[in-house]
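# Remarks on the overall topology
One-letter residues, chain by chain:
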Amino acid sequence: MGKLRNSFVANFLAVTSLTAAGKDLAEWTSAGWYVQNDDVMGGRSNSNLKLSGSGAEFEGSINMNGGGFASFRRNFGPWGERDLAQYSGLWVETDVVTEQPLFHAPFAVHIQLGDPSRYDHGAAFAIPSGPAGSTYSVFLPFGWFTKQLRWSCRGCTLDTGRINDLSVYALYQEGPFKFKIRQIRAVRDSEVPAFGQVPALVLSDAKAWMLVKATVERGSTLWNKGNPELCGAMYSMTAKTLTTASNISSSVQEISRVAMASAERYPVNLGGDAAWIYRKAFDHILAAYEGVSFPSDDRYPAVAHGDWAATAMGSDQVPQLSTTSLDRDMEQQLALNSAGQKSLKGLGFIFVMLVVGNAQSCWS
Ligand SMILES: *[C@@H]1O[C@H](CO)[C@@H](O)[C@H](O)[C@H]1NC(C)=O
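Cut-offs applied
- Residues numbered from 1 in each chain as written.
- Predicted model: local features only at pLDDT ≥ 70, side-chain atom pairs only at ≥ 80, totals over all residues.
- Heavy atoms only, no water.
- Axes fitted to C-alpha atoms, helices over the stretch in contact; angles between N-to-C directions.
- Helix = DSSP H or I, 4+ residues; strand = E, 2+ residues; numbered from the N terminus.
- Parallel < 35°, antiparallel > 145°, perpendicular 65-115°, else oblique.
- Left-handed = near helix turned anticlockwise from the far one by under 90°.
- Contact = heavy atoms within 4.5 Å.
- Nonpolar A, V, L, I, M, F, W, Y, C, P; charged D, E, K, R; others polar.
- Near = heavy atom within 4 Å.
- Polar contact = N/O pair within 3.5 Å; in protein donor to acceptor, adjacent residues only side chain to side chain.
- Areas by Shrake-Rupley, 256 points an atom, 1.4 Å probe, with all protein chains shown as cover.
- Buried < 20%, exposed > 50% of the residue type's maximum accessible area, 1.4 Å probe, protein only.

Under an unreviewed UniProt entry, the name given to the protein chain is CIA30 domain-containing protein, and the organism recorded is Durusdinium trenchii.

Below, the structure written as structure tokens:
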């Protein structure tokens, strides 16, 4: 576990891509990448992939009506299997999300490796939003590639000696999306680039409330769709964003720090424990801004229990916000976010989702 903890490193670099060591798995312009959306199973998401020497720009729109994903992938073919047994995991470098971020909510991405078995093995990470020209990177140890989207098999592990497929998914985050992956490399532990910070955003308490609210809306959808890893990755990134942001109440930063320190023991790709810790912190933040009492511990599993959340929020008063107008802004933004893919009937669906989201669907 110690090794896993230390390996979850994230990088925030201001100018250009790092030329990392290790093995390039992306080979953007020569690899035969192709797009696969949920229309293969009757869905209505769409996407467009632009490849260049500097990476893959993937944009499109996720429609939850009948599906909910868009992906791009390459297949190494039966004679092109990659032997990655000598490496420790994948290092992925992205641009931060600059377009259409929903109140700065991070965008969660599922990256998946295949071997000759019929099972796929994926890991989750989340891309923060921030200023254009900034990059972010993450290291995902092979031991974290545990998520099986299509068929699941108990106890199967990825055969890192025979990798034959690599894919990147946008899943269950309704509306338009756009992100850029710069590098996907297999690296050894010793080759992982030094870690840094997520972009420091200038927020306000109202923006912090919206960020947390949007994160819980989207994260709980991911959770309820059977993707606790993506939910956890998104929650974890929002907590990091709150700790590095300026112009928000200090108790909101304090509870985010405390939650991160506690959740650090539970990698988001190995279970839902971290997501619960973050969820309790977020519920406390929302309650404080909304001027209602804190939720009680019986709504959370034991891993999140304790008075840490109330203690952290008690360290400083937060201003009480008029959430009626913020809620309205958020509904409008969610509706705008889905514009272009939604009929009026579809818009109705979004508002229903909001109401359900308010009933704390993360664990139902
Ligand atoms: C800082 O927060 C205050 C109060 O929440 C807000 O009015 C102000 O616009 C924020 N400043 C910036 C630069 O966003």
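So, about the packing of helix α3 (residues 228-244) against helix α5 (residues 273-290). Running from N to C, α3 and α5 cross one another at 50 degrees; their axes reach a closest spacing of 9 Å. Classified by the interaxial angle, the pair formed by α3 and α5 is oblique. Of the two elements, α3 crosses α5, and the hand of that crossing is left-handed. Together, Cys231, Gly232, Tyr235, Ser236, Thr238, Ala239 and Leu242 of α3 and Ala275, Tyr278, Arg279, Phe282 and Ile285 of α5 make up the contact between the two elements. Here the contact of α3 with α5 is built from residues that sort into eight nonpolar, three polar and one charged.

Every residue lining the ligand is accounted for by Val202, Leu203, Ser204, Asp205 and Asn247. In this structure, an oxygen atom belonging to the ligand sits 2.5 Å away from a side-chain N or O atom of asparagine 247. Here the ligand has 360 Å² of accessible area as a free molecule, and 37% of this is covered by the chains. Across the shell around the ligand, the residue classes break down as two nonpolar, two polar and one charged.

In this structure, glutamate 27 is a non-glycine residue whose phi angle is positive, near 45 degrees. Topologically, glutamate 27 is positioned in the loop between β2 (23-24) and β3 (34-37). Judged by its relative accessible area of 27%, glutamate 27 is partly exposed.

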